[in-house]
Amino acid sequence: MDVTFFTAWIEEIIRTLALCRDRLTRLDAAIGDADHGTNLDRGFTAVRQALSDTPPQTPGQALTLVGNTLIRRVGGASGPLYGSAFRQLGRSLGDAREVSLADLATALESAVETVRRLGGAAEGDKTMVDALAPAVRELTDAVREGDKERAALERAARAAAEGARATIPLRARKGRASYLGPRSIGHEDPGAASAALIVAALCA
Amino acid sequence: MDVTFFTAWIEEIIRTLALCRDRLTRLDAAIGDADHGTNLDRGFTAVRQALSDTPPQTPGQALTLVGNTLIRRVGGASGPLYGSAFRQLGRSLGDAREVSLADLATALESAVETVRRLGGAAEGDKTMVDALAPAVRELTDAVREGDKERAALERAARAAAEGARATIPLRARKGRASYLGPRSIGHEDPGAASAALIVAALCA
Amino acid sequence: MKKLINHADSVVSDALTGMAAAHEDLRVDVAAGMVRRATPPRAGKVGLVSGGGSGHEPLHTGFVGYGMLDAACPGEIFTSPAPDPIITATKAVDAGAGVLHVVKNYTGDVLNFEMAAELCADEGVRVLPVLVDDDVAVQDSLYTAGRRGTGATVFVEKIAGALAESDAPLERVAATAAEVNARSRSFGIALTSCTTPAAGKPTFDLPGSEVELGIGIHGEPGRSRAGAAPARELAAIAMDAIHGDQPLAGDLLVMVNGMGGTPLIELYIVFAEVEAYIRGRGARIVRSLVGNYVTSLDMQGFSVTVCHLSDELTGLWDAPVHTPALRWGR
Amino acid sequence: MKKLINHADSVVSDALTGMAAAHEDLRVDVAAGMVRRATPPRAGKVGLVSGGGSGHEPLHTGFVGYGMLDAACPGEIFTSPAPDPIITATKAVDAGAGVLHVVKNYTGDVLNFEMAAELCADEGVRVLPVLVDDDVAVQDSLYTAGRRGTGATVFVEKIAGALAESDAPLERVAATAAEVNARSRSFGIALTSCTTPAAGKPTFDLPGSEVELGIGIHGEPGRSRAGAAPARELAAIAMDAIHGDQPLAGDLLVMVNGMGGTPLIELYIVFAEVEAYIRGRGARIVRSLVGNYVTSLDMQGFSVTVCHLSDELTGLWDAPVHTPALRWGR
Ligand SMILES: Nc1ncnc2c1ncn2[C@@H]1O[C@H](COP(=O)(O)OP(=O)(O)O)[C@@H](O)[C@H]1O
Ligand SMILES: Nc1ncnc2c1ncn2[C@@H]1O[C@H](COP(=O)(O)OP(=O)(O)O)[C@@H](O)[C@H]1O
Ligand SMILES: [Mg+2]
Ligand SMILES: [Mg+2]
Ligand SMILES: [Mg+2]
Ligand SMILES: [Mg+2]
């Protein structure tokens, strides 16, 4: 997978997030402050600009560019979290021009670890981690089991989607939704939903 | 007509205004500031108290008591206008224990004159004057034509009611409704409506 | 209707109880319906008394204090006070130099203040009134009760109050107050109606797609309606009306006032548009207020008030003031 | 949705343009999203920087000025600012004595201020944070992100700001700021939701017969709902929560804060009830604020914030302040 693959991934993220912007904001209205869709759309619109301003030469450059832009332009909780995650992805992939599925799995693993460390959220706390963590586990298994790229990525996407849906019955322990206590139960976590979209964009 | 007649009139005014309080306020909401019913109800509730505190001995005392109480407790435009009108009624009837229909007609005439002078409104300006003036004219005619008391008072009440209804197509030239310009057309003037109720209370 | 009240009939007295608890430099007579400074008037100082219906807070009670009003008489919601409290207040603040009545031009306010002034005169208190009528939405003609008093009341009370602190005589204070009014114009626009506690529902219905132009401060409907529009266009409508009535020129004091239910962030957006409009006409804002000063209960909307300043008026505006709603210089 | 805006995306920048036009003693960098004092920081004075999502006006930008903040960074509506403006502001106000970051306890605010602080440290600027978390509606436990920062932010910024003007060192300013927070508790109640310009409709639906208890300042739903009730009962609910968490005693600084869409007359009614409640518990209000200070766009409702004063804190509260939203003593 070279820089073209990753820029394609980023383009696809931009497209789907713009498409789902209002749905994400609605989810955030239910248990947060009604800005998650707007925040990510603002951030990734800036990413599109950044990509055309300084076209990245390597996967690492592309992902670092995304991370820096999100940190600079999103704000809120999701800005630093997604931003640091993408920066960590870039750091792990270094300046290789071509990376393997295994490299990606390892990089994603460390990116999720970064989110855990920054936000202090564990799986089950009803955050983006609930979509990201299972996706990475699934991808790692797929690599071990020797799946083809496309199949492996689809397994990861399915795991992320299931993880997001699985946040519905959970009671939030991190982020704004935790203020609601039991009232946070019954709603999908907006960050988990956006994380699932981001992973799904890998196999568009 | 002695003090019993006039206290009965006042009691009836208190009753009907309490009954029509919300209707008057609604009329005032359309072309004013939605407080006419509340204002008069507050004032005449105070009148009931005043009557029981110092039971008047003559018609003049009764009407002066009403006037003073309204001026003290109503505020707004209708307070000074109705208050001064009742005070003028009291002044005209002096300390007679028994007054004739003719006396009442003359007293009402001077009371309406007081409202005209204070407020500067002429008939057709869409104010309480549009109900009061025709009522007084009708009563004066009735007296001249030798009508019995009840018949005369009923003629006055009818004239007041018609005068009030006739304010609907008018464009206001005085009071708050005048700020609306042409938009004041099509609504009954709340003060004309309350004036009609007050006159009607004469023949309850 | 949901409101932070105990009962529709006790709104004014309960709020006055709160003012008494919050401001120790005020004396609040809840029963009489009067608010005055805790410190008695200085001998020889002209007294300033204003008042009117409640529901416009901080006007008038929030402007009682050093450099502004000596006393204010809040009536019931949107109902001018009766003469009694005005008489009590006027006598209480007369320090021998006479008293200025700041009266907004509404039939009710004018009649009740006139009655009070007559009775005070009978008792030997010199009273001069200043009538505030700055609202250009109303044509002053034989066909109206004349222009309404709105935002300029704040300017009149602040500037006349500052002059009174300098022991200027009553005639001069009254003349300057009248000059401020003559140099001021206002126009208001509502996005929603307001709900009086007594009525319990909006005074007028405004479809989600429309705004009310040329509103007063009592929830009276305006002169006309227009479709909802960006802040820039609404500000232009207000400024066109003001500019058309008294051309913008020179140094201006400008207030962008919220009607009570509009958040401050929106008022600053309007102020930006008003400032650009005024710059575009070659005039310049040298003093300003942005916030809720003359409100209409929970109404959403704004009004703009422009005053053409002179050096003297600017100096009086800058003079120290110490009231609950306006404070600087001490 | 009807709002006085030009476009949902330009709300924050348009409002900042208005602030720039209205307050010549502020320097507003619309592009960078930063507001600071026009006069550069005095050498040796600790700098105070705060910030957070917009929609809470006057917080924080309205508290920039002598005796309070040196700079504020307003993010998008309800979205904490990114690290960049915080870094720019921090460097701009560092006068060699270091900078205090006043941070409301929300995941987003904490993360972005932390990132900014790290980068400033790398560049040799000493930064200490104070975390404001006064909202008793949220249980501080493993099961939440901790208590929210709400009304106490005003107290922290005013008192720490006054101390900084006296050239106290960074550690002392930070310690006092933390003490103010530790001595303060808040609780909020909403009568209506708020509408963000981006969403265009109310964040939550509240039936006409219900109120939302324990709300934050971002239109988040509260902990629970109750039937609409008289102001006395709603005030008691808020005060019971505060009293239950930190018993009322001694001299108190109390703020009855409007959420943006509630008229002042209602806030005074609530203040009267709060004062009676506190008196009934043997404590006493010695300083107070009644008005809109920490808002949630157009939400109708109120919050109460109580701070247990010490003589030192009272003195710092009384010290001169000169900002758009809080001004006395000069
Ligand atoms: N401590 C945390 N750890 C991981 N993810 C978090 C944490 N706090 C919040 N999030 C994620 O961020 C999402 C909210 O993002 P967003 O709405 O953009 O920021 P904010 O909450 O500041 O408005 C939540 O749905 C959740 O998935
Ligand atoms: N100048 C006037 N002359 C005669 N009647 C008037 C005048 N101005 C107002 N009114 C009467 O007063 C009524 C309004 O009374 P009210 O609502 O109690 O006072 P306000 O207008 O101060 O709220 C109007 O409907 C009108 O009939
Ligand atoms: Mg959010
Ligand atoms: Mg009326
Ligand atoms: Mg009225
Ligand atoms: Mg947010």
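Remember, it's a predicted structure, so these values are computed and weren't measured experimentally.

Participant: I'm lost on the pattern of salt bridges in this one. Help?
Facilitator: Any two side chains of opposite charge can pair, on the condition that their charged atoms come close. Residues and elements named next belong to chain D. Under the criterion given, the structure shown has 73 salt bridges over all chains. Salt-bridge contacts for Lys-3 lead to Asp-298; the nearest nitrogen and oxygen are separated by 3.6 Å. Taken together, the residues Lys-3 in the segment before helix H1 (11-22) and Asp-298 in the loop between strand S11 (284-291) and strand S12 (301-308) connect sequence positions 295 residues apart.

Participant: What's the story with the side chain of Glu57(C) in this structure? I'm lost.
Facilitator: Take Glu57(C): it is sitting in the loop between strand S3 (47-54) and strand S4 (71-77). Of the side chains with opposite charge, Lys104(C) lies nearest to the buried Glu57(C), which makes no salt bridge, at 9.7 Å. With residues near it in sequence (within four places) discarded, Glu57(C) still touches Tyr293(C), Thr295(C), Leu264(D) and Ile265(D).

Participant: In this structure, what is going on with the state of the cysteines? I would like to understand it.
Facilitator: Such a bond, covalent and formed between the sulfur atoms of two cysteines, is termed a disulfide. Residues and elements named next belong to chain D. The final tally for this structure, using the stated rule, is zero disulfides over all chains. No disulfide involves Cys-120; its nearest neighbouring cysteine sulfur is the one of Cys-73, lying 10.0 Å away. A relative accessible area of 0% means that Cys-120 is categorised as buried.

Participant: Honestly, helix H4 (residues 78-93) of chain A in this entry has me stumped. Any pointers?
Facilitator: Because an α-helix completes one turn every 3.6 residues, residues spaced three or four positions apart along the sequence face the same direction. Taking 1.5 Å of rise per residue, the 16 residues of H4(A) would be expected to cover 22 Å, and the 22 Å separating its terminal C-alpha atoms lies within 8% of that figure. Counting buried positions along H4(A) yields 13 of 16 residues, so the element is predominantly enclosed.

Participant: Would you explain the packing of helix H6 (residues 129-144) of chain A against helix H7 (residues 149-165) of chain A in this entry?
Facilitator: Pairs of packed helices are described in terms of their axes, by the angle between the two and the distance that separates them. Residue and element names in this part refer to chain A. Axis separation between H6 and H7 bottoms out at 7 Å; the angle between their running directions is 155°. Classed by the angle they form, the pair H6 and H7 counts as roughly antiparallel. Relative to H7, H6 is oriented so that their crossing is right-handed. Residue-level inspection shows Asp-130, Ala-131, Pro-134, Ala-135, Glu-138, Leu-139, Asp-141 and Ala-142 of H6 in contact with H7, the latter providing Ala-152, Leu-153, Arg-155, Ala-156, Ala-159, Ala-160, Gly-163 and Ala-164. Its residues placed into classes, the contact of H6 with H7 shows 11 nonpolar, one polar and four charged.

Participant: What's the story with the pairing of S4(C) in this structure? I'm lost.
Facilitator: On a regular strand, one side chain projects to one face of the sheet and the next to the other, so that they alternate. All names here are of chain C. Of all seven residues making up S4, six are buried, and the element is well covered by its neighbours. Across two bridges, strand S2 (residues 34-37) lies against S4 in antiparallel orientation. Opposite Arg-36, over in S4, you have Ala-71 as the bridge partner. As paired strands, S3 and S4 are joined by five bridges and run parallel to one another. Note on S4: the bridge partner recorded for Val-49 is Ala-71.

Participant: Please explain the interface of chain D and chain C as it appears in this structure.
Facilitator: Interfaces are frequently sized by the accessible area removed from exposure as the parts join. The interface of chain D with chain C comprises 56 residues on the first partner and 56 residues on the second. On the chain D side of the contact with chain C, Lys2(D), Leu4(D) and Ile265(D) bury the most area, a combined 22% of that side's loss. Our count for the chain D to chain C interface comes out at two salt bridges. The partner of Lys3(C) in a salt bridge is Glu266(D), with the nearest N and O atoms 3.8 Å apart. Applying the counting criterion to the chain D and chain C interface returns 20 residue pairs in polar contact (both at pLDDT 80 or more). Tallied by class, residues from the side of chain D that touches chain C come to 30 nonpolar, 14 polar and 12 charged.

Participant: Hey, could you run me through the coordination of the magnesium ion (ligand 5) in this one?
Facilitator: Six octahedral donors around a metal ideally sit at 90 or 180 degrees from one another, while four tetrahedral donors ideally sit at 109.5 degrees. Donor atoms from the polypeptide that bind the magnesium ion (ligand 5) are Asp33(B) (OD), Asp35(B) (OD) and Phe78(C) (O), placed at 2.1 to 2.3 Å. For the pair the magnesium ion (ligand 5) and the magnesium ion (ligand 4), the metal-to-metal distance amounts to 3.5 Å, and Asp33(B) bridges them. Residues Asp33(B) and Asp35(B) agree in their burial class; the two are buried.

Participant: What is the right way to look at the interface of chain C and chain B in this model?
Facilitator: With 37 residues of chain C at the contact, the number on the chain B side is 31 residues. In total, chain C and chain B occlude about 2600 Å² of area from one another, counting both sides; carbon and sulfur atoms represent 56% of this. Along the contact surface separating chain C from chain B lie three salt bridges. For Glu220(C), the salt bridge identified is with Arg176(B), shortest N-O distance 3.3 Å. At the junction of chain C and chain B, the tally comes to 12 residue pairs in polar contact (both at pLDDT 80 or more). Those elements giving two or more residues to the side of chain C that touches chain B turn out to be S4, helix H2 (83-93), helix H3 (107-122) and strand S9 (224-227) of chain C. By residue number, the principal contributor to the side of chain C that touches chain B is H3(C), which donates five residues. Across the side of chain C that touches chain B, the residue classes tally to 15 nonpolar, 14 polar and eight charged.

Participant: Is there a simple way to explain the site of ligand 1 in this structure?
Facilitator: Around ligand 1, a shell composed of 21 residues is seen, among which Asp33(A), Asp35(A), Ser78(A), Asp189(A) and Gly191(A) lie nearest. The local environment of ligand 1 is shared, drawing residues from chains A and D. The backbone of Ala77(A) places a nitrogen or oxygen atom 3.0 Å from an oxygen atom of ligand 1. Between Gly119(A) and ligand 1, the recorded distance is 3.0 Å, taken from a backbone N or O atom to a nitrogen atom. Look at ligand 1: alone it shows 560 Å² of surface, and the protein chains cover 96% of it. Looking at the shell around ligand 1, the elements that each hand over two or more residues are helix H2 (36-53), H4 and helix H8 (190-200) of chain A. Among the elements that line the shell around ligand 1, the one with the most residues is H8(A), at three residues.

Participant: Would you mind going over the environment of Phe271(C) with me for this structure?
Facilitator: Its location among the elements puts Phe271(C) in helix H7 (residues 264-280). Along the primary structure Phe271(C) and Ala198(C) are separated by 73 residues, whereas in three dimensions their C-alpha atoms are 33 Å apart. Leaving out residues up to four positions away in the same chain, Phe271(C) has contacts with Val254(C), Val256(C), Ile285(C), Ser288(C), Val290(C), Gly18(D), Ala21(D) and Ala22(D).

Participant: Which parts of the structure should I look at to understand the arrangement of the chains?
Facilitator: Here three pairs of chains are in contact, and chains C and D lead that list by number of contacts. Taking C-alpha atoms only, the smallest gap left between chain A and chain B, which are not in contact, amounts to 36 Å. At the C-alpha level, the nearest point of chain B lies 18 Å from chain D, with no contact between them.

Participant: Would you explain the layout of surface pockets in this entry?
Facilitator: Looking at the second largest pocket, its volume works out to about 870 Å³. If you trace the second largest pocket, you find 35 residues lining it, with Thr192(C), Asp298(C), Gln300(C), Thr192(D) and Gln300(D) closest to the centre.

Participant: What am I meant to see in the site of ligand 2 here?
Facilitator: In the vicinity of ligand 2 there are 21 residues, among which Asp33(B), Asp35(B), Ser78(B), Asp189(B) and Gly191(B) approach most closely. In this structure, ligand 2 sits where chains B and C come together, each supplying nearby residues. A distance of 3.0 Å is found between an oxygen atom of ligand 2 and a side-chain nitrogen or oxygen belonging to His36(B). The separation between an oxygen atom of ligand 2 and a polar main-chain atom of Gly191(B) is 2.9 Å. Alone, ligand 2 offers 560 Å² of accessible surface; in the complex the protein occludes 96% of this. Every element with two or more residues in the shell around ligand 2 is listed here: helix H2 (36-53), helix H4 (78-93) and helix H8 (190-200) of chain B. Considering each element in turn, the shell around ligand 2 owes the most residues, three residues, to H8(B).

Participant: Where do I start with the confidence of the model for chain C in this structure?
Facilitator: Close reading of the predicted structure is inappropriate where its pLDDT is low. Looking at chain C as a whole, its pLDDT mean stands at 96, while 100% of the residues score no less than 70. This complex was scored by the predictor with a pTM of 0.96 and an ipTM of 0.95.

Participant: In this structure, what is going on with the packing of aromatic side chains? I would like to understand it.
Facilitator: Given two aromatic rings, their pairing is described by the distance between the two centres and the angle made by the two planes. Scanning the model with the defined rule gives 14 aromatic pairs over all chains in all. Arranged with centres 6.3 Å apart and planes meeting at 75°, the rings of Phe44(A) and Phe86(A) form a pair that is edge-to-face. Of this pair, Phe44(A) sits in helix H2 while Phe86(A) sits in helix H4, and the two are 42 residues apart along the sequence. Centre to centre, the rings of Trp317(D) and Trp328(D) are 5.4 Å apart; their planes meet at 55°, and the pair counts as tilted. Here Trp317(D) is found in helix H8 (residues 311-318), whereas its partner Trp328(D) is found in strand S14 (residues 327-328), with 11 residues between them in sequence. By the burial criterion, Trp317(D) is buried, and Trp328(D) matches it.

Participant: Looking at this model, I keep getting lost on the sheet that holds strand S12 (residues 301-308) of chain C. Mind explaining?
Facilitator: All names here are of chain C. Ordered in space as S9-S8-S7-S12-S10-S11, the six strands form an open sheet in which the pairing is mixed. Among the strands making up the open sheet, the edge pair consists of S9 and strand S11 (284-291). Taking the axes of each pair of neighbouring strands and ignoring which way they run, one obtains an average angle of 20° across the sheet. Pairing of strand S10 (residues 251-258) with S12 involves seven bridges; the strand directions are antiparallel. The residue bridging Gly-258 from the neighbouring strand is Phe-302, located in S12. Across the sheet, helix H5 (residues 170-182) is in contact with strand S7 (184-190) and S12; its angle to S7 comes to roughly 50°. Across the sheet, H7 touches S10, S11 and S12, and the angle it forms with S11 is around 165°.

About the cut-offs
Residues numbered from 1 in each chain as written. Chains lettered and ligands numbered in written order. Predicted model: local features only at pLDDT ≥ 70, side-chain atom pairs only at ≥ 80, totals over all residues. Heavy atoms only, no water. Salt bridge = Lys/Arg side-chain N within 4 Å of Asp/Glu carboxyl O. Helix = DSSP H or I, 4+ residues; strand = E, 2+ residues; numbered from the N terminus. Buried < 20%, exposed > 50% of the residue type's maximum accessible area, 1.4 Å probe, protein only. Lys, Arg positive; Asp, Glu negative; His and termini not counted. Contact = heavy atoms within 4.5 Å. Disulfide = S-S within 2.5 Å. Expected span 1.5 Å × (residues − 1). Axes fitted to C-alpha atoms, helices over the stretch in contact; angles between N-to-C directions. Parallel < 35°, antiparallel > 145°, perpendicular 65-115°, else oblique. Left-handed = near helix turned anticlockwise from the far one by under 90°. Nonpolar A, V, L, I, M, F, W, Y, C, P; charged D, E, K, R; others polar. Pairing = 2+ DSSP bridges. Buried area = accessible area lost by both parts, 1.4 Å probe. Polar contact = N/O pair within 3.5 Å; in protein donor to acceptor, adjacent residues only side chain to side chain. Donors = N, O, S within 2.8 Å, 3.2 Å for Na, K, Ca; no water. Near = heavy atom within 4 Å. Areas by Shrake-Rupley, 256 points an atom, 1.4 Å probe, with all protein chains shown as cover. 1 Å grid on protein atoms, 1.4 Å probe; cavity = no way out; pocket = protein on both sides within 12 Å on 5 of 7 lines; lining within 4 Å. Points joined across faces, edges and corners; volume = space filled by probe spheres on them. pLDDT = per-residue confidence, 0-100. Phe/Tyr/Trp six-rings, centres within 6.5 Å; stacked < 30°, edge-to-face > 60°.

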